[in-house]
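Residue strings, one per chain:
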Amino acid sequence: MAGEATLPGNDLSFHRLTPADVAALVRGEGDDAVVEELLSAERSRRLLLLRALDSGLARSALPRQENPSAPYTEAWALLERAQRHAPKAFEDVLMSPNTGMWVSLAVRRLRGRSYEDAPLWVVAGHLAALAAAAAARAGLDFSITIPVRQGKALLPTLGCAVLPATEPWSTARIAGREGRLRITGSGGEVEVDPQWDQPGAGWLPVRRVIVGAPAAPKPLVLEELDPYRTFPHPSEASLLSHAEAEGWESLLSGAWDMLLRDEPVSARAMHRGLMSVTPTPARERFRPHSSTAGDAFGAVTVSRPDDVAQLAATLVHEFQHTKLGGLMHLEPLSLPPAPGGREELFYAPWRDDPRPLGGLLQGIYAFFGVTRFWRTHRHVADPAYAPLAHFEFALWRTQVWSTLNLVRGHERLTPLGRRVLEGLAERLEEWMADEVPAAQLGLAEEVADDHRARWRAYHLLPSAAAVEEAVRAWRRGDALPPPALAAEPVLVPNTEIRFLDSAAVLARYRLSDPDGSWRHTAARYDGDAGGVDGADAADVLLACGDREAARTAFERLLAEGAPAAAWVGLGRALSEDATQRTVFRLLLEFPERARAVQNALEAETGQPADPVRLAAWLGSAVGKG
């Protein structure tokens, strides 16, 4: 099989990071040398997966009619030939992020888990496309059949030929001779010169950009073509226009220069390990989307950013995931739940949904990197941008610190997992003492409290018996709510809830443009720029600092059966009223109690209680502070 020349016999190297490398990763860092070691381990992992795929295909014995391309032995032989003739060409194809994604999904497919609609012969036949790409890069003469998806015959890392196929899945024969390629499929033929990076009739090359200074250029693939550029599901090609490609190149160049200045260690690591960026369209302002996959080391999917600093922070965030994913391929950070046990879920300040321990650790590590970026960048940002940068640092410092302390002693952490959390905590504890301007610090703390309270309001439920007892106590006129209502609520994930971060988004608008038109459009979100999904007029009043008007608006909303988030907004609106301290604390710390009791009261009596009076009564048992 492919890789035999590198892995003689059946022997595979055991990969172990040096103590210095582990220490760097534990601190949330790691330079190019650390990434090199992670890539070496990733290489071995991919070769093992290729062996597993080879073995699985040999056992699958698909009927010929289900397997029209099926030159698997031919593909293995061509890969071996390319590896012997031009090892670097083979390595370039093997270590492409998309190859890692494909081989992982293909092995899962053979084991009964499907992530795409393509027939198995198309998924497995991608091996022949990889072999053809490696052979072409090696300058070999060869001929092999490859699968065609929606008329596109892909040669990974090189480009794809566009054929006039009418069926979703078909095949093409690719022949290489003296550096030239001929791709022949149903109804058409495409010829490609040795300059694969140049577009031609029927040929779309992989788009590459170079960022950084000429003395130390950083190549990146702008990935548009390969179906395995997206995860967890493959997707069809999505081509950038010339203007879009130029825009992305400019943004990436600016972000790279910023990282070289503000995050030099991360930049060195990314210079070695960041290989491709898959662009996606812009999202709502201040809500960019990005992702990575542990199986696709070196790839990042990212929506078009609002600005260069946002893109730089996003690249740091995603490369933190990449580094931690590589480390976790060597040794886990946490143990699985006990057999038959339920997966414990936790609050994650960067998510709408509750997260399992493994996902929470990934988020902690990624947002630690984001915190580090803003910690430096806020001191060198343009003066008009600095307030937002200070806010971002203060917000993520608070969120990571609280989440880290939530799980740092968890029983399911492995020794390495405990080391990682302790290493991050040691660094973050120092940052907690860093000064932040009072306005941005206070706003970040308020926004952090808002997100946590909204999460509780939607995902936590007091016991039904305690709520019923509270309703009876309220209707009797008891001075205090029943003690049973203070018992730990039950976590019942609400899968429909989104946009719990709307307070943070509005805060960013306010910091970026205090008197801008967003004040009039933010509550009218209709999918166009300028709106904030999840925000209403009361939220905007609160973001603008008009707490009295916000209180009135939230009270009206609650009288009309508003969503649970309105309880949190009411609490924030009352935060500066010294006479309403009890209400404020209850609604920011335990809004689920107000929501549950109010809902039960309305169901029983047909009338909601006055929200401030109810919250004051419920809060009377919380304690004073």
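Residues numbered from 1 in each chain as written. Predicted model: local features only at pLDDT ≥ 70, side-chain atom pairs only at ≥ 80, totals over all residues. Heavy atoms only, no water.

### Here we look at the confidence of the model for the protein chain
Rules: A score from 0 to 100, pLDDT tells how confident the predictor is in each residue. Contacts are residue-level and defined by heavy atoms, with any inter-residue pair within 4.5 Å sufficient.
Scored by pLDDT, the protein chain has a mean of 92; 95% of the residues are at 70 or more. In the model, residues 1-11 has pLDDT below 50 throughout and makes 28 contacts with residues more than four positions away in sequence or in other chains.

### Side note on the packing of aromatic side chains
Note the following rule: Pairs were defined over the aromatic rings of Phe, Tyr and Trp, the Trp ring being its six-membered one, requiring ring centres within 6.5 Å. Orientation was assigned from the angle between planes: stacked under 30 degrees, edge-to-face over 60, tilted for the rest. Only protein chains enter the calculation, and the probe is 1.4 Å; a residue is then buried if its accessible area is under 20% of its type maximum, exposed if over 50%, and partly exposed in between. Charge over a ring is defined by NZ of Lys or CZ of Arg lying within 6 Å of the ring centre and within 35 degrees of the ring normal.
Inspection of every chain in the model, using the stated rule, returns nine aromatic pairs. Measuring from ring centre to ring centre gives 5.1 Å for Phe373 and Trp374, while their planes differ by 75 degrees; the resulting arrangement is edge-to-face. On the basis of relative accessible area, Phe373 is assigned to the buried category, the value being 0%. Overall, the relative accessible area of 5% leaves Trp374 in the buried class. One aromatic cluster is present, formed by Phe286, Tyr509 and Trp518 through successive ring pairs. In this structure, Arg593 packs its charged tip against the face of Phe590, placed 3.9 Å from the ring centre.

### Topic: the pattern of salt bridges
Let me state the cut-off plainly: One side-chain nitrogen of Lys or Arg within 4 Å of one carboxyl oxygen of Asp or Glu is enough to make a salt bridge. Helical segments are the DSSP runs of H or I of at least four residues, strand segments are the runs of E of at least two, and each set is numbered from the N terminus.
One pass over the full model with this rule turns up 39 salt bridges. Residue Arg177 is joined to Asp141 by a salt bridge in which the shortest nitrogen-to-oxygen separation is 3.9 Å. A residue pair is termed long-range when its members are at least 10 positions apart, and Arg177 in strand 4 (residues 169-177) and Asp141 in the loop between helix 6 (120-138) and strand 1 (142-149) qualify at 36 residues. Among the residues examined, Arg177 registers a relative accessible area of 58% and is labelled exposed.

### A look at the pairing of strand 12 (residues 299-303)
Threshold: Only when DSSP finds a minimum of two bridges between them are two strands counted as paired.
By the criterion of burial, strand 12 is predominantly enclosed, with five of the five residues buried. Here strand 12 shows no split at all, with Ala299, Thr301 and Ser303 on one side and Val300 and Val302 on the other all buried. Two strands pair when backbone bridges link them, and strand 10 (residues 276-280) and strand 12 are joined in this way by five bridges, in the parallel orientation. Along strand 12, the bridge assignment pairs Pro279 with Val302.

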